[in-house]
Each structure stands twice: as structure tokens, then as C-alpha cells.
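Close look at the chain arrangement
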Amino acid sequence: MNAGHRQKTILLTGATGYVGGELAPVLLELGHTVRCLVRDADRARRTLPAGVEVLRGDVLSGEGLDAALSGADVAYYLVHSMGRGSRSTDFAQSDRQAARTFGDAVARARVPRTVYLGGLEGGSATDSSEHLRSRHEVADLLRERVPALAYARAAMVVGSGSVSFEILRHLVTRLPLMVTPRWVDTRSQPIAIDDVVTALAALAGRDHFPPEVQLGGADVLTYREMMSRFASVSQRRAPLILRVPVLTPRLSSLWVALFTPVEVGLVRPLVDGLSAETVVRVLPPPGINDVPLGFDDAVRSALSQADRHDGGSMRFAALIAVLAAVAAVAVTLVRRLLPHKAVIRGAVMHHPTDDTTVGADGSVRSVQSADIDLPLDALGELWTPATLERLARTYWAFLSSCTLGLIRMQYRDTGRDIVLLRRPFVLLSFKVPEYEMNSGRGIVRWPIEKGILVARAGRERDGYLEIDVRRVGQTQPGLERVNVEVEVANFYPQVAHWLSKFVYTNTQSRIHVLVTYGFLRRLLRRELDESVTGKFAMPSTAEETPEPSKARDRASV
């Protein structure tokens, strides 16, 4: 808007929201009379700029609308219900009702112009998210009712206080690793908050405008590129991004909510919307958003206003984030490994089981078991202490491969360490493994010492991880059955103490189950890794190792 336009009386809804809060002082500076319709007038007066008139009302119920709209020249509709309910249908239904109520009130008051800000979406209506469809539906409902609608559509708003931008900021600053679905490579055209506000203010005074005014910044970027550029501007290391095709929107939104300050009810629709391309297809009319900021400059402006006191070291949160990211992949892969009989190279795995319990004191016992039928000649060759040592190495090697090398085994003379990339990030520390074997049973056991993942109550106690193989007998000609059991016992996970049993069950526990069943399938193939330490490298027999001393307290399948 320029100085030639007369001053107007404006009703601003959504003034306590991010965009509305930024728009109110700009409208005042342009000389307009600004009324702000809010639900909590006392709280709003503490945050809104001096000079606005604060009126109590509600666009959903219609309370106070007629009085607020009386004599107004322009009505801004900047409200939405997203985040008030966790289900997408909750906010969509509320938005429909609010749009009808507001539109009818505008029509009764004969307000000449309504300005509405929705989401920019370049795909078809059937491909867009529930969130974006709802925002566009609001525009249609308003257009059916109000005398004239200026419909502005913007991509992600870059500014300190924009929910989408805060999600981006916290993901980059808190996480070294992200597991994402396909939306990480969806194109978008993020726009600076100052450019959005300037465009919205200009629409109040223009005599003519198109049915839609599409607003975007100077750069078209994927979400992956935005994270990389944000990291560069903020002088941080960009997170490692692992794209997987099977991460559901629900898991993705829960994961984002866990590591950002945004509630899951608000995250879910926003994450759904990331799958839709948000790029300007039709340029706005001259005079509106002619020279928008680029993404880097928009980020610099946002960071200059952001509260930087929440960065901290976040080392523990970052560690849990890595585990959660790996576990998100594990959840999907476990389902492929668990449920049914597998036949590989003449060997058969029957009825794999998973039994994980968390005691009242936080101690964990997790047992995975399966019966495996192996050819007699193969089992005879395998029944040696050297093979038991190779079984142990195969278990740890599979852990490293399924976590893409992020989690590794490092050897000490006095024990073994499971590390995140390298020391000092020791997740679990074990004493030297114990081997026990006779003609019918073989055990390798790692006593748990300490580590980042071990709660103080579980350090230097009797916790352990072990692989226990027992010969059952011949089941049919040429095949002999063994029962393989992988057990974690008396383990006190830090996660269960710091966060919740649910988090442990869906992070560390899932990784353990994934590794166990992947290990069992390696055993079916008889693809065993060579031992690193070579304790039983020389020819040896079962009789040369200690007798198994632990009686099984769990019936085999």
C-alpha cells in the first residue's frame, strides 16, 4: 500500500497468532485503525501493540463478530483450528464451521473486502494433505459468502515464531541424524515473514487483485536443501539425512514432536503437508512481493530475533535422537523378519518369538528365540567353540550393518564397547565374554558393565547379553533341530529412567529385536563372520570349554 490510499478501519482476527501478531504493528504504522478480535482479551492486551482496539469474540461461535465488523472496511481472516485436536478431521471440521460463521457475519456487515492467508500448494487437490485441503476449502467457503475475497497463499513462512520454521530450526540444531520419508526431497518456496506481512498489508488497499495471490521467496528448495542451508547460515553441521520409503506419517510426526517443542497435534498436519510441493505457479501482481528475500537472508533475519538460550549441549537428546532414528527403520524391518517360517539353503526357522518385559524397578528382560532345523552334516561342522566365537562376531557385525555403521563394536583387552561412531560415545560397555560349551549346548555371554545407555542402578551389577544354542534332536531324516535364544537380562536402560518404558520399547528394544532376527537369518545361511579376537582360532573341541552352568528358566518353543 502507498500513501495515496486512504486510512481504513480494519478487523484483524488471529492477532495473537504469529502472522497476525507481526501484521498488527505494520497496519498501525500505515495509519489504519485496527481492531483485534481475540478470545482472551486480558492476555492479548499484554502482547498486542499499543494503539489497537482489543475486542473479545470467537469466530467459531460467532460471539462478538457482528459488533467487531460494524463499520469495518477490511476484515483479515488469519485463524485456523490446527493443533486443537490430534486428528486431522477435528481441525478440518472446526475450520469449516468457523469460515461459515465468519463469512456470514462479514456478509451481514457488508464489509467490502476480506483478506485471507492460506497455504500454497502446487499439486492436485487429491494429492495434497488434509491440512492444505482444509486451508483451501476455507477460501472457497469465504468466497461464497463475502463481497470480495483477497486470497493470499504462502509456502513455509521463515521467521522466529513460525511453527514450520521452528520445526526446521530444532531439527537442525538438535539432531545429528534424521530418518525421513519422501517429503525430504519435496520442493518448496519458503518466504520471509516480512515479505508475507508486507504483501498482506498491501492487499488491504488495492482496488484490483486476482482470485489468488501466490507468495513465495526468491529460492525454490527441497526440505533437505533447506536444512543444509540453515546449518550453513547458523554455522552448524548439517544433519545426516537417511531417507526411507516406509516411514508412516504418524511415526514421522511422533518423531518430529519428540525432538521439537511443537505438540504432536500440530506437527501431524504440518508433516502431512510436507509431501505436497509448495511452489509459486502464477506470479503475484506488480507491487506485491516484487523482490522477495532469499532463503539465507530470511534465516539470518529470523535467527537475529530467535531465543538462542535453548541450544545447550543437548548431547543426551541427540543420542536418543540417533537411537530413535535407527529404531524407526527397525520397526519396519522387524515386521519383515519376525512373523513366519523361513527356509534358506535347506535350513528352516520355525516360530520366532519375542518376549520383552520391563520390571517395576526399570530392569529389562528381553528374550528372542527360534527353533532352527539344520542339515546334520552342517551342524556337525558348526558345533565347535570357534563357531560359537563366530556367532558372537556375526551378532555384532549385523548390529553395525543394520545401523549403517553408526553403532559399532570396539575391542579392549578387558572387555568390549558398543560405541556411537567412536569413543567417548560408549553406549554399552561389556566385560570379556564368557564361553561355555558341551556336546549339547553352547553359550556366549557378555556381562554388562556400564555405558551411556545404562542407568546408574544397573552399572556393575549382574546384567548380561547372551546367545544360548541348544541341540534339541533329529526332527526328520537329514535334519537336526537347535533352539537359539538371545537374551538380555537385568539390564537397566537409561531411556526407561529418563523418558519412559514406551520410549525404550520402541527404540532400543526394537533395535535389539531387529539385530537378533537378522542374526538368526545369517545363521540359517551359515554366513558367519570371522572372529576378530581369534580366541578359538586353533582347532578346539567342546570339551575344552567350561560346562554350561546356567539352567534355562524359559521353555523353548
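The coordinates are above.
To keep things clear, this report deals only with the structure shown in the data block. All values reported here derive from a predicted model rather than from experimental measurement.

1. A closer look at the overall build of the protein
- Per the secondary structure count, the protein includes 17 helices and 23 strands.
- Out of the 557 residues in the protein, the part that is buried amounts to 55%.
- For the protein, the share of sequence-separated contacts (at least 6 apart) that also reach a separation of at least 24 residues comes to 72%.
- A total accessible area of about 24,300 Å² is found for the protein, and carbon and sulfur atoms account for 50% of it.

2. Details of the nonpolar core
- In this structure, Trp396, Ile467 and Val484 are the most contacted members of the largest nonpolar core, which totals 43 residues.
- Among the elements that make up this core, the one with the highest residue count is helix H14 (residues 385-402) (6 residues).
- The contacts of Val484, once residues within four sequence positions are left out, are Gln368, Ser369, Ala370, Ile372, Ile467, Asp468, Val469, Phe519, Leu520 and Leu523.
- Formed by 38 residues, the second largest nonpolar core is a distinct cluster that contains Ala44, Tyr76, Val196 and Leu203.

3. Description of the sheet that holds strand S11 (residues 212-215)
- If you trace the 7 strands from one edge of the open sheet to the other, you get S3-S2-S1-S4-S5-S6-S11, paired in parallel fashion. Two strands close off the open sheet at either side, each with one partner strand: strand S3 (53-56) and S11. Each strand axis lies, on average, 20° off the axis of its neighbour in the sheet, ignoring direction.
- Here 5 bridges tie strand S1 (residues 9-13) to strand S2 (residues 33-38), and the two strands are oriented parallel to one another. Within S2, the residue paired with Leu11 across the bridge is Arg35.
- Where helix H1 (residues 18-29) meets the sheet, it contacts S1, S2, strand S4 (74-77) and strand S5 (113-119), and its direction lies at approximately 165° from that of S1.

4. Re the packing of H1 against helix H7 (residues 193-203)
- It is the contact of H1 with H7, at a shortest axis distance of 9 Å, that shows an interaxial angle of 60°. As summarised for this structure, H1 and H7 are arranged oblique, according to the angle between their axes. Crossing angle aside, the handedness with which H1 passes H7 is right-handed. Of H7, the residues touching H1 (which contributes Tyr18, Val19, Glu22, Leu23, Val26 and Leu27) are Ile193, Val196, Val197, Leu200 and Ala201.
- Looking at the contact of H1 with H7, its residues break down into 10 nonpolar, no polar and 1 charged.

5. A look at the packing of aromatic side chains
- In total, this model carries 8 aromatic pairs according to the counting rule given.
- With centroids separated by 4.7 Å and ring planes inclined at 40°, the aromatic side chains of Tyr77 and Phe102 adopt a geometry described as tilted. Highlighted residues: Tyr77 in strand S4 and Phe102 in helix H4 (residues 88-109), separated in sequence by 25 residues.
- The buried category is assigned to Tyr77, whose relative accessible area is 1%.
- By relative accessible area, Phe102 is classed as buried at 0%.
- Ring geometry for Tyr435 versus Phe536: centroids 5.1 Å apart, planes at 85°, classification edge-to-face.

6. A closer look at helix H11 (residues 295-305)
- Buried residues of H11: Phe295, Ala298, Val299, Ala302 and Leu303, and no others. The arc that holds every buried residue of H11, seen down its axis, measures 130°, which confines them to one face.

7. With respect to the packing of helix H8 (residues 223-233) against H11
- The geometry of H8 relative to H11 is characterised by a closest axis approach of 10 Å and an angle of 55° between their N-to-C directions. In terms of orientation, H8 and H11 fall into the oblique class. Once H8 is placed against H11, the crossing between them reads as right-handed. Across from Met226, Arg229, Phe230 and Val233 in H8, the residues of H11 making contact are Phe295, Asp296, Val299, Arg300 and Leu303.

8. With respect to the pairing of S1
- Within S1, 5 of the 5 residues are buried, which leaves the element mostly enclosed by the surrounding structure.
- Traced from S1 through H1 to S2, the parallel crossover comes out right-handed.

9. Overview of H7
- Most of H7 is tucked away, with 9 of its 11 residues classed as buried.
- Regarding H7, the residues found buried are Ile193, Asp195, Val196, Val197, Ala199, Leu200, Ala201, Ala202 and Leu203.

10. What to know about empty space enclosed by the protein
- Inspection of every chain in the model, using the stated rule, returns 4 cavities of 30 Å³ or more.
- Put simply, the second largest cavity is a space of about 130 Å³.
- For the lining of the second largest cavity, the secondary structure elements donating two or more residues are helix H13 (376-382) and H14.
- The element that contributes the greatest number of residues to the lining of the second largest cavity is H14, accounting for 3 residues.

How each quantity is defined
Residues numbered from 1 in each chain as written. Predicted model: local features only at pLDDT ≥ 70, side-chain atom pairs only at ≥ 80, totals over all residues. Heavy atoms only, no water. Helix = DSSP H or I, 4+ residues; strand = E, 2+ residues; numbered from the N terminus. Buried < 20%, exposed > 50% of the residue type's maximum accessible area, 1.4 Å probe, protein only. Contact = heavy atoms within 4.5 Å. Areas by Shrake-Rupley, 256 points an atom, 1.4 Å probe, with all protein chains shown as cover. Core = buried A, V, L, I, M, F, W, Y, C linked by side-chain atoms within 4.5 Å. Pairing = 2+ DSSP bridges. Axes fitted to C-alpha atoms, helices over the stretch in contact; angles between N-to-C directions. Parallel < 35°, antiparallel > 145°, perpendicular 65-115°, else oblique. Left-handed = near helix turned anticlockwise from the far one by under 90°. Nonpolar A, V, L, I, M, F, W, Y, C, P; charged D, E, K, R; others polar. Phe/Tyr/Trp six-rings, centres within 6.5 Å; stacked < 30°, edge-to-face > 60°. Arc of directions from axis to C-beta. Right-handed = clockwise from strand over helix to strand, strands pointing away. 1 Å grid on protein atoms, 1.4 Å probe; cavity = no way out; pocket = protein on both sides within 12 Å on 5 of 7 lines; lining within 4 Å. Points joined across faces, edges and corners; volume = space filled by probe spheres on them.

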